[in-house]
Amino acid sequence: MKKMPQVLIVEDEPAIAELIAINLRHNGFAPMCAEDGASAQKLLEESVPDLVLLDWMLPGGASGLELAKQWRSQSRTRQVPILMLTARGDEPDKIAGLDAGADDYITKPFSVQELLARIRAVLRRRAPLSVGEVLKVGELQLDGATYQVTYRGEPLKLGPMEFKLLSHFMHHPERVHSRSQLLDQIWGDAVYVEERTVDVHVKRLRRSLGEAGAMVQTVRGAGYRLSATPA
Ligand code: CA
């Protein structure tokens, strides 16, 4: 039998949490609920779910945004997809959330069908690195077990979006990716993000890569490519 995907629901409104949990259970998921960051953290320490549904506005301590950042920075939870639930709809918040490492957004109120579609899309899109997979392009190396990126053996420090971008590039070296393809594959087609957001993150990625930054090439009028032979 196929394992039911575990979904951790972090939501302080019991009625909403319960409604989501019931619907997920009916659709083949195994939901768990936490009403705030502290109890979510506790559950995460027991087991790492396949996906986290994270409410933006939470009582006390940490907001959803802070939790997303925190979980992205911990090796245990770094790779868990995060779908944020928010009552806000405006663009700066979305960018802030995606920068913090969220995979997608859903704005309240949403229909159950919409939520299920988003969850499935996020799970599908997150083709995770298989454990122990090591990607190499030239002297750049990305280790799927430790989430470490090195260039000529020297470790590099990357933000969560930069890591995702690089991982995508390294899975498809030498291939040109258009901005809209990158948006679709890294940020998700359901999210409204402008194409210049891609440019911002590519710029950050280059900076984080230091000397290896030249491997991330701009292909005029087409997009970006990671090449083992810097131009
Ligand atoms: Ca809330």
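A quick note: this is a predicted structure, and the numbers were derived from the prediction, not measured.

So, about the sheet that holds strand β2 (residues 30-34). With respect to topology, 5 strands assemble into an open sheet ordered β2-β1-β3-β4-β5, the strand pairing being parallel. Single-partner strands in this sheet number two, and they are β2 and β5 (104-107). Here the strands of the sheet are splayed against their neighbours by 20° on average, with no regard to which way each runs. With 4 bridges joining them, strand β3 (residues 51-55) and strand β4 (residues 82-86) adopt parallel strand pairing. Looking at the pairing, valine 52 lines up with isoleucine 82 of β4. Sheet strands in contact with helix α2 (residues 37-46) are β1 (6-10) and β2, and its direction is about 140° off that of β2. Across the face of the sheet, helix α3 (residues 64-73) comes into contact with β1, β3 and β4 while running at roughly 150° to β3.

This part is about the pairing of strand β10 (residues 216-219). For a regular strand, side chains alternate in direction, first toward one face of the sheet and then toward the other. Two strands pair when backbone bridges link them, and β10 and strand β11 (residues 223-226) are joined in this way by 4 bridges, in the antiparallel orientation. Note on β11: the bridge partner recorded for threonine 218 is tyrosine 224. Hairpin connection, β10 to β11: the antiparallel pair is bridged by 3 residues, and glycine 221 has positive phi, about 70°.

For the rest of this paragraph, the subject is the domain arrangement of the protein. Domain boundaries in the protein define domain 1 (6-126) and domain 2 (134-226). Placing the centre of domain 1 and that of domain 2 at their C-alpha centroids yields a distance of 25 Å.

Those residues of α2 lying buried are Gly37, Ala40, Gln41 and Leu44. Projected down its long axis, α2 shows its buried positions confined to an angular sector of 100°, all on one face. Turned more than 90 degrees off the buried face of α2, the exposed positions are Ala38, Lys42 and Glu46. Looking at the buried side of α2, the elements it contacts are β1, β2 and α3. Where α2 begins, one side-chain oxygen reaches toward the backbone nitrogen of alanine 38, 3.3 Å away; that side chain belongs to aspartate 36.

Rules and cut-offs
Residues numbered from 1 in each chain as written. Predicted model: local features only at pLDDT ≥ 70, side-chain atom pairs only at ≥ 80, totals over all residues. Heavy atoms only, no water. Pairing = 2+ DSSP bridges. Helix = DSSP H or I, 4+ residues; strand = E, 2+ residues; numbered from the N terminus. Axes fitted to C-alpha atoms, helices over the stretch in contact; angles between N-to-C directions. Contact = heavy atoms within 4.5 Å. Domains from an automatic or database assignment. Buried < 20%, exposed > 50% of the residue type's maximum accessible area, 1.4 Å probe, protein only. Arc of directions from axis to C-beta. Polar contact = N/O pair within 3.5 Å; in protein donor to acceptor, adjacent residues only side chain to side chain.

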